[in-house]
Amino acid sequence: MEKRTLSVGLMLFALFFGAGNLIFPPALGQAAGGMVWQSMAGFFITGVGLPLLGVIALARAGGGLQTLTERVNPLFGSVFAIILYLAIGPFFGIPRTGTVAFEMAALPFLPEGMDTGLPLFLFTVVFFAITYWLALNPSKLVDRIGNILTPLLLFIIGSVLVKALITPVGKLGQASPEYESSPLVKGFMDGYLTMDTLGALAFGIVVITAVKKPGMKKENVTKMVIKAGVIAAVCLAGVYGILAYLGATSQTLGKSENGGQILTNVVYQLFGEPGNLLLGLAVALACLTTSVGLVTATGEFAHKMFPKLSYKLVILVLSIFSAGVANVGLSQLITISVPVLTAIYPVAIVLIILSFFHDAFSGRQEVYLGSIIATALVSIADGLKAFGMNLGTIDQIYSHIPLYADGIGWLIPAIIGAIVGFIIALIRGRIVIFST
């Protein structure tokens, strides 16, 4: 395997592995207890498999996010891209990197009982000032991430696992009711929170650019992206499994408010304060890496959409705004982000899956439109429910859709919508099944 492919694979892992990747597997593990591996099977689908497919889908399409979204409709392409970048950018994704870094790298070392308002504010100001500075010229960051930071982070997490296996914090605990009744589906839904499938659609073009050489054929680019993506996916799956296991054995330490606190408590139990200091440093760097990646990707997208806005001005506004949102706090950010992710994640999933069958239905717009509209009708309702809205009659009608109660009621309508779109395209004579 080429050294460059390995570096890009580790770089992609580092871009993915930021805030959500650290905090959600331990939280899932603590809640799932003895059902942790059944739950992680679902989590691996949305947290590992779909991000990998997302990067590959962009490589196959030969472009960025809008290359895929405009297959549905130009207006949809612009609107969905804006919503996606706002979600992974200044509203949720970027601020979360700052709050997780604070929870892991600063909070454990503050005096007990101290009001965290001012320390969080000062930390996020410094964190996003550094993010802005690095995002001004991110070109050299790729090699540094892939060759230095990622191996260090993997070594630290691997050391925690070895210590946890030799001197376990506790046994696998009791699963909470929702994980005990449907662990696979619950884990699948938890994978939404990482935002990695959305991130893949944003970061994918970065990976394609990193592996592409002058005169290189698209097929060869796709092969290299697949190799790099598999490296990132294997690393993600391994680390997720470790973090989930640590969370599943942590119930004896008491219930924590979020995954950041769980991981901090476990590492302190295993290594004491020096362990938390080393972990905090690694986590802060990992979150900073993701923050720079998100600010850069969102800044470049906004500059492309609105050329009159300079890239420097956009990333400055992004950094300042994200610092402000980060002061809402980690638990509050997670609560707010759930309804939005519930609404848009299924649309991204369906878009990625359709891209792999693009040639089979001749890329007809009717297929994309039928499937995406059907998906959105259900996923938006799910998002509104997660926001606390009472949908009344709509909810009663939707309750007859298979898997709706489990949160994936969009699946069957997506398939039906694609079939209806395919039939319409056939009737219009825009798909040729047999050629002579």
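Counting from 1, residues in each chain are numbered in the order their sequence is written. Selection of residues for local features in this predicted model requires a pLDDT of at least 70, selection of side-chain atom pairs for listing and counting requires 80 or more, and totals for whole chains, interfaces and linings are taken over all residues. Where side-chain values are given, they derive from all heavy atoms of the structure, hydrogens and water being excluded.

### Here's the deal with the overall build of the chain
Then step 1. Helix numbers and strand numbers start at the N terminus; a helix is a DSSP run of H or I with at least 4 residues, a strand a run of E with at least 2. On a plain count of helices and strands, the chain comes out with 19 helices and 0 strands.
Then step 2. Its C-alpha atoms give the chain a radius of gyration of 22 Å, near enough to 22 Å, the size a compact globule of 436 residues would have.
Then step 3. Projected onto its principal axes, the C-alpha positions of the chain cover 75 × 50 × 40 Å.
Then step 4. Whether two residues are in contact is decided by their heavy atoms, any of which lying within 4.5 Å being enough. Pairs at least 24 apart in sequence give 80% of the contacts found in the chain among residues at least 6 apart.
Then step 5. As displayed, the chain offers around 19,000 Å² of accessible surface, 68% of which is attributable to carbon and sulfur atoms.
Then step 6. Taking the average location of the 24 positive side-chain charges in the chain and that of its 19 negative ones, the two points are 14 Å from each other. With the radius of gyration taken over C-alpha atoms, the globule rule is written as 2.2 Å times the number of residues to the power 0.38. Residue burial considers only the protein chains on display, and all accessible areas are found by Shrake-Rupley using a 1.4 Å probe. The charge count treats Lys and Arg as positive and Asp and Glu as negative. His and the chain ends do not count. To locate a charge, the coordinates of NZ of Lys, CZ of Arg, CG of Asp or CD of Glu are taken.

### Here we look at the confidence of the model for the chain
Then step 1. pLDDT is a residue-level measure of predictor confidence that goes from 0 to 100. Looking at the chain, the pLDDT average stands at 83 and 93% of residues meet or exceed 70.
Then step 2. Element-level pLDDT for the chain is lowest in helix α8 (residues 141-166), with a mean of 69, against a maximum mean of 93 in helix α19 (residues 411-427).

### Brief notes about the packing of helix α6 (residues 93-105) against helix α15 (residues 311-326)
Then step 1. Their axes nearest at 8 Å, the elements α6 and α15 cross at an angle of 55°. Viewed along their axes, α6 and α15 adopt a mutual orientation that is oblique. In terms of crossing hand, the pair formed by α6 and α15 is right-handed. From α6, Ile94, Pro95 and Thr99 reach across to α15, where they touch Ser322, Val325 and Ala326.
Then step 2. Grouping the amino acids of the contact of α6 with α15 by side-chain chemistry returns 4 nonpolar, 2 polar and no charged. Under this scheme, a helix contributes an axis fitted over its contacting stretch, all axes are lines through C-alpha atoms, and angles between N-to-C directions fall in the 0 to 180 degree range. Throughout this description, any angle smaller than 35 degrees is read as roughly parallel, any larger than 145 degrees as roughly antiparallel, any in the 65 to 115 degree range as roughly perpendicular, and the remainder as oblique. Note on convention: near helix rotated counterclockwise from far helix by under a right angle means a left-handed crossing. Clockwise means right-handed. Following the grouping adopted for this structure description, the nonpolar residues are Ala, Val, Leu, Ile, Met, Phe, Trp, Tyr, Cys and Pro, the charged ones are Asp, Glu, Lys and Arg, and the polar ones are all others, Gly among them.

### Details of the environment of Ile94
Then step 1. Position of Ile94 among the secondary structure elements: in helix α6.
Then step 2. Burial classes: relative accessible area under 20% of the type maximum marks a residue as buried, over 50% as exposed, and values in between as partly exposed (1.4 Å probe, protein chains only). You can call Ile94 buried: its relative accessible area is 0%.
Then step 3. Sequence spacing of Ile94 and Leu294 is 200 residues, and the spatial spacing of their C-alpha atoms is 6.4 Å.

### Some thoughts on the packing of helix α14 (residues 273-305) against α15
Then step 1. Contact geometry for α14 and α15: axes closest at 9 Å, N-to-C directions at 130°. Regarding the angle of α14 to α15, the classification is oblique. In this structure, the crossing between α14 and α15 has a hand that is right-handed. On α15, the residues touching Val295, Thr296, Thr298, Gly299, Glu300, Ala302 and His303 of α14 are Tyr311, Val314, Ile315, Leu318 and Ser319.
Then step 2. Across the contact of α14 with α15, the residue classes tally to 6 nonpolar, 5 polar and 1 charged.

### With respect to α6
Then step 1. Expected helix span is given by 1.5 Å per residue-to-residue step, counting one fewer step than there are residues. The first and last C-alpha atoms of α6 sit 18 Å apart over 13 residues, in line with the 18 Å expected at 1.5 Å per residue.
Then step 2. The element α6 is largely enclosed, with a buried count of 12 among its 13 residues.
Then step 3. What α6 keeps buried is the set Gly93, Ile94, Pro95, Arg96, Thr97, Gly98, Thr99, Val100, Ala101, Phe102, Glu103 and Met104.

### Focus on the side chain of Thr375
Then step 1. Relative to the helices and strands, Thr375 resides in helix α17 (residues 365-386).
Then step 2. Given a relative accessible area of 0%, Thr375 falls into the buried group.

### Quick look at the environment of Phe92
Then step 1. For Phe92, the position within the fold is in the loop between α5 (74-91) and α6.
Then step 2. Residue Phe92 is classed as buried on the basis of its relative accessible area, which comes to 9%.
Then step 3. Distance in space between the C-alpha atoms of Phe92 and Ala326 is 8.4 Å, their sequence separation being 234 residues.
Then step 4. Aside from chain neighbours lying at most four places away, what touches Phe92 is Leu86, Ala87, Met195, Leu333, Ile336, Ser337 and Val340.

### Concerning the pattern of salt bridges
Then step 1. For this analysis, a salt bridge means a side-chain nitrogen from Lys or Arg found within 4 Å of a carboxyl oxygen belonging to Asp or Glu. Scanning all chains against the criterion turns up 3 salt bridges.
Then step 2. Residues Glu366 and Arg428 are paired through a salt bridge, measuring 3.0 Å at the closest nitrogen-oxygen approach. One end of the pair, Glu366, is in helix α17; the other, Arg428, is in the segment after α19, and 62 residues separate them in sequence.
Then step 3. Taking relative accessible area as the criterion, Arg428 reaches 55% and is therefore assigned exposed.
Then step 4. Residues Lys385 and Asp395 are paired through a salt bridge, measuring 3.3 Å at the closest nitrogen-oxygen approach. Of the two residues, Lys385 sits in helix α17 while Asp395 sits in helix α18 (residues 393-398), which places them 10 residues apart along the sequence.

### With respect to the state of the cysteines
Then step 1. Counting rule for disulfides: a pair of cysteine sulfur atoms within 2.5 Å. This structure, assessed with the given rule, holds 0 disulfides.
Then step 2. Unpaired in this structure, Cys235 has its nearest cysteine sulfur neighbour in Cys287, at a distance of 17 Å.
Then step 3. For Cys235, a relative accessible area of 16% puts it in the buried group.
Then step 4. Overall, Cys287 belongs to the buried group, its relative accessible area being 0%.

### Thoughts on a nonpolar patch on the surface
Then step 1. Where nonpolar side chains cluster on the molecular surface, the patch consists of Ile82, Leu86, Phe91, Phe306, Leu309, Leu313, Leu316, Val317, Ile320 and Phe321 and spans about 840 Å² of accessible area.
Then step 2. Among the elements of the structure, α5 and α15 are those that each provide at least two residues to the nonpolar patch.
Then step 3. Here the nonpolar patch takes 5 residues from α15, the largest share from any one element. Here a patch means residues that are over 30% exposed by relative accessible area and free of salt bridges, tied together within 9 Å if like-charged and within 5 Å if nonpolar (Val, Leu, Ile, Met, Phe, Trp, Tyr).

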